Amino acid sequence: MDLERIAGARFDALILGGGITGVATAHRLARLGWSPLLIEPRDLAWGTSSRSSRLIHGGLRYLAHGELRLVRRALAERRALARIAPHLVRPTPMLLPLGRGEPWRWRTFAPAGVVAYDLLAGRRGWPRGRTIGRDEAETLVPGLRLGDERRVRVFYDGVTDDRRLTLVTAMAAREAGAQVVGRCELLGLEATEHGARARLRDLVSGQTLDVVVRSVVNATGPWVDRVRQRYGATRRGRLVRPSRGSHLAIPWRIDAAMLVPHPRDGRVGFFVPTATGMIVGTTDVADEGDPDAVRPSPDEIAYLEELADDGIPGMAGRERTGWAGLRPLAESPGPTNALSRAARYVMESVEGIPFLSIVGGKLTLHRVMARDAVRRLRPHLGTPARPARPDTAHLPGGDLATLAGLEARLRATGLDATQARWMVSRYGSQAEAVLGDEPPAPLGRGSIPLACEVGWAVREEGARTLSDVLLRWRLPELALDAEDETRIARAALTLLAHRLGLGSARAERERARWERERRAVWGGTGDRAAATR
Ligand SMILES: Cc1cc2nc3c(=O)[nH]c(=O)nc-3n(C[C@H](O)[C@H](O)[C@H](O)COP(=O)(O)OP(=O)(O)OC[C@H]3O[C@@H](n4cnc5c(N)ncnc54)[C@H](O)[C@@H]3O)c2cc1C
């Protein structure tokens, strides 16, 4: 968006943070008729919201911890999200191979746990657990190691693309009237008679501008305490206890997810299918470092490789790409793996206006968190212009009859299977609009990503830089060789430069920004999966 257009404007809320919590809060406020402005210094979903295990779930583990209320709420959200964004939240079989030498606690808890899980989910709108034969399990997850059971237990949970879910929620927020701006930072707040003056800096052009805001929502996840400090919140003590979790992406196609206890310590690991392969995770390590530079340690990479090779020995030797994210857990005593995932909201006052910080929570519960956050802001904002309606409208791309039908239609127009799967999983019913009338033009040696996606990202999804476009493809997770990755980045830059009228100096800055941000998340091109801060 054109930042100059908002100079001098007044907003009911300035939302800091373009992760799932921030965009969902912007969406909720805008739907109720308030005027939110959301700013994010990097790309949307730069933080934890692109680094989760990509499950929309109640969490069997939280059931074991007795967090029944949290699990029940999350299961209700799972059903609702699969209805409003079926391309992004898919009921997916989760295999529970047992009899592989796992700890007895898991062996006894897991079968009973999935029955309780299904009961908590209620009867409607979600497939129930069952058992399948070994052959079917081997077809769903080629190369897996089964135990001594004749049949394999399966239950269903939601699998998503966290980054896309964040992006389409931001699109929905914009459609509802929110301003959502990436690559923009808050320089400071200053009290005025009718709110606070917020000085913003556009991190692409370097320009500064002022707006007036009536409240601030600090939805910066693991950055919450740094942000509170920076802008002058004075409450003592910290709110967030960050815990690092890492994953590996492996180009090995699976059609079901899988839960497998780690052979070393029995901690349950996830194998989750993606549009181009799978991810394996995760770890749980206390981490007080800079959230912008969070990377898996070599120990974590080795731990995840062990898990991957034990779960699916058939894919040993496949290339792996690793990254890490920080869970923004609400501060309380105890080890991070025992801390509740429930959200916490803390209201302070900065420069005479309410300053609400949100910590904890889960990707799955983002709409619940947004609702709870807005409820806390309401006494400060007054009566909303529109009544609260049930949140049942489709997210962009979500209004489709069946995924398989759309995939078949795209195949009939000449897309290969990989392209059709990629387009449907990313854009849902908007896939045909993204493709336009031109034949699909891959940017690299493989059949994805496609040239038409660059224009769409800029036009419809608010991408402002080369890095925004490439981060959204998760380019390093496509298991390309360095030469092919460079070719795709160069081709995308050419298209972007043409569309935005960029000169050669700016194009060079774009390339450098992408290399910096790629290194920060995945390490440099050609690095092994492992790298430390
Ligand atoms: C390893 C791991 C696995 C997980 N798996 C799951 C799962 O399977 N299912 C599930 O439901 N949940 C999962 N979670 C939890 C879930 O991912 C998080 O709860 C959620 O993504 C947090 O979103 P957020 O918007 O609060 O924070 P973030 O996504 O981190 O967003 C905060 C944003 O604030 C921005 N920011 C920083 N400083 C500023 C500033 N000064 N001004 C403005 N913006 C700023 C950052 O750039 C960032 O984009 C997982 C978490 C981890 C770490």
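Since the structure is predicted, the reported quantities are computational estimates derived from the model, not experimental observations.

## Describing the nonpolar core
If you look at the biggest cluster of nonpolar residues, it comprises 164 residues, and the most contacted ones within it are L95, V213, F271, I312 and M423. Listed in part, the six residues of the second largest apolar core include V224, V240, A330 and V359.

## Some words on the domain arrangement of the protein chain
Along its sequence, the protein chain is organised into domain 1 (3-48 + 164-239 + 340-381), domain 2 (90-159 + 243-326) and domain 3 (403-522). Facing 14 residues of domain 1, the contacting portion of domain 3 comprises 18 residues. Summing both partners gives a buried area of about 1400 Å² for domain 1 against domain 3, and 46% of it is carried by carbon and sulfur. Linking domain 1 with domain 3 are eight residue pairs in polar contact (both at pLDDT 80 or more), by the criterion used here. Elements supplying a minimum of two residues to the side of domain 1 that touches domain 3: α6 (162-175) and β8 (179-182).

## Section: the packing of aromatic side chains
Under the counting rule described, the total for this entry stands at four aromatic pairs. Ring geometry for Y117 and F155: centres 5.6 Å apart, planes at 90 degrees, overall edge-to-face. Linking Y117 in helix α4 (residues 104-121) with F155 in strand β7 (residues 151-159), this pair joins segments that are 38 residues apart in sequence. Ring geometry for Y427 against W456: centres 6.5 Å apart, planes inclined by 80 degrees, an arrangement best described as edge-to-face. Pair noted here: Y427 is in helix α11 (residues 417-427) and W456 is in helix α13 (residues 452-461), with a separation of 29 residues, a long-range link. Classification of W456 as buried rests on a relative accessible area of 5%. A cation over an aromatic ring shows up here: R51 above the ring of W46, its NZ or CZ 5.3 Å from the ring centre. Over the ring of W422 we find R426, and its NZ or CZ is 4.5 Å from the ring centre.

## Comments concerning the site of the ligand
In the region of the ligand, 36 residues are neighbours, and T21, E40, S49, L55 and T364 sit closest. The backbone of G17 places a nitrogen or oxygen atom 3.2 Å from a nitrogen atom of the ligand. In the model, an oxygen atom of the ligand is placed 2.5 Å from a nitrogen or oxygen of the S49 side chain. Where the shell around the ligand is concerned, the elements lending two or more residues are α1 (20-31), β3 (36-40), α7 (224-231), β13 (240-250) and β18 (321-330). For the shell around the ligand, the element with the highest residue contribution is β18, accounting for three residues. Considered class by class, the residues forming the shell around the ligand number 13 nonpolar, 18 polar and five charged. Looking at which domains feed residues into the shell around the ligand, each of domain 1 (3-48 + 164-239 + 340-381) and domain 2 (90-159 + 243-326) gives three or more.

## Topic: the sheet that holds strand β12 (residues 216-218)
Sheet architecture is open: six strands sit in the order β8-β3-β2-β12-β20-β19, paired in mixed fashion. In this open sheet, the two edge strands, each paired with only one partner strand, are β8 and β19 (344-350). On average, each strand axis in the sheet is tilted by 20 degrees relative to the strand beside it, whichever way the strands run.

## What to know about the sheet that holds strand β1 (residues 10-11)
With respect to topology, four strands assemble into an open sheet ordered β1-β11-β10-β9, the strand pairing being mixed. Among the strands making up the open sheet, the edge pair consists of β1 and β9 (184-192). Of the strand pairs in this sheet, β1 and strand β11 (residues 208-213) are connected by two bridges, and their pairing is parallel. Looking at the pairing, R10 lines up with V212 of β11.

## Details of helix α16 (residues 504-522)
Along its 19 residues, α16 runs 27 Å from first to last C-alpha, staying within 8% of the 27 Å computed at 1.5 Å per residue. Buried residues of α16: R506, A507, E510, R513, W514, E517, R518, A520, V521 and W522, and no others. An end-on view of α16 places all buried positions within 160 degrees of arc, on one side of the element. Of the surrounding elements, those touching the buried residues of α16 are α6, β18, α14 (466-473) and α15 (482-500). With its phi angle positive at about 85 degrees, G523 sits one or two positions after the end of α16.

## Brief notes about the pairing of strand β14 (residues 257-261)
Buried residues dominate β14, accounting for five of its five residues. Here β14 shows a buried face lined by A257, L259 and P261 and a second buried face lined by M258 and V260. Judged from the two bridges that link them, strand β5 (residues 90-96) and β14 form a sheet pairing that is parallel. Paired with M94 across the bridge in β14 is A257.

Cut-offs used in this document
Position labels on residues start from 1 in each chain and follow its written sequence. In keeping with the predicted nature of the model, local features appear solely for residues at pLDDT of at least 70, side-chain atom pairs appear and are counted solely at 80 or more, and the whole-chain, interface and lining totals rest on all residues. Hydrogen atoms and water are omitted, and side-chain values are computed over all heavy atoms in the structure. We define the nonpolar core as a collection of buried residues of types Ala, Val, Leu, Ile, Met, Phe, Trp, Tyr and Cys that are connected through side-chain atoms lying within 4.5 Å of one another. Here's how the labels work: a residue is buried when its accessible area is under 20% of the maximum for its type, exposed when over 50%, partly exposed in between, all with a 1.4 Å probe on protein chains only. Domain borders in the structure are assigned automatically or taken from a domain database. By the convention used here, residues are in contact when the closest approach between their heavy atoms is within 4.5 Å. Computed with a 1.4 Å rolling probe, the buried area is the accessible surface lost when two parts are put together, summed over both parts. Here a polar contact is taken to be a pair of N or O atoms separated by no more than 3.5 Å, where protein atoms must pair a possible hydrogen donor with a possible acceptor and residues adjacent in sequence count only if both atoms sit in side chains. Helix and strand labels come from DSSP, where a helix needs a run of H or I of at least four residues and a strand needs a run of E of at least two; each type is numbered from the N terminus. Whether two aromatic rings pair depends on their centres lying within 6.5 Å, for rings of Phe, Tyr and Trp, where Trp uses its six-membered ring; planes under 30 degrees apart make the pair stacked, over 60 edge-to-face, and the rest tilted. As a reminder, the over-ring test applies to NZ of lysine and CZ of arginine, requiring each to be within 6 Å of the ring centre and within 35 degrees of the ring normal. The criterion for a residue being near a molecule or strand is simple. One of its heavy atoms has to lie within 4 Å of it. Gly is put with the polar residues, along with every residue not named as nonpolar or charged; the nonpolar set is Ala, Val, Leu, Ile, Met, Phe, Trp, Tyr, Cys and Pro, and the charged set is Asp, Glu, Lys and Arg. Two strands qualify as a pair provided that DSSP identifies no fewer than 2 bridges between them. Fitting a line to C-alpha atoms yields each axis, with helices limited to the stretch in contact; the angle taken between N-to-C directions then spans 0 to 180 degrees. An expected span of 1.5 Å times one less than the residue number is assigned to each helix. The directions considered for the arc run from the helix axis to the C-beta atoms.

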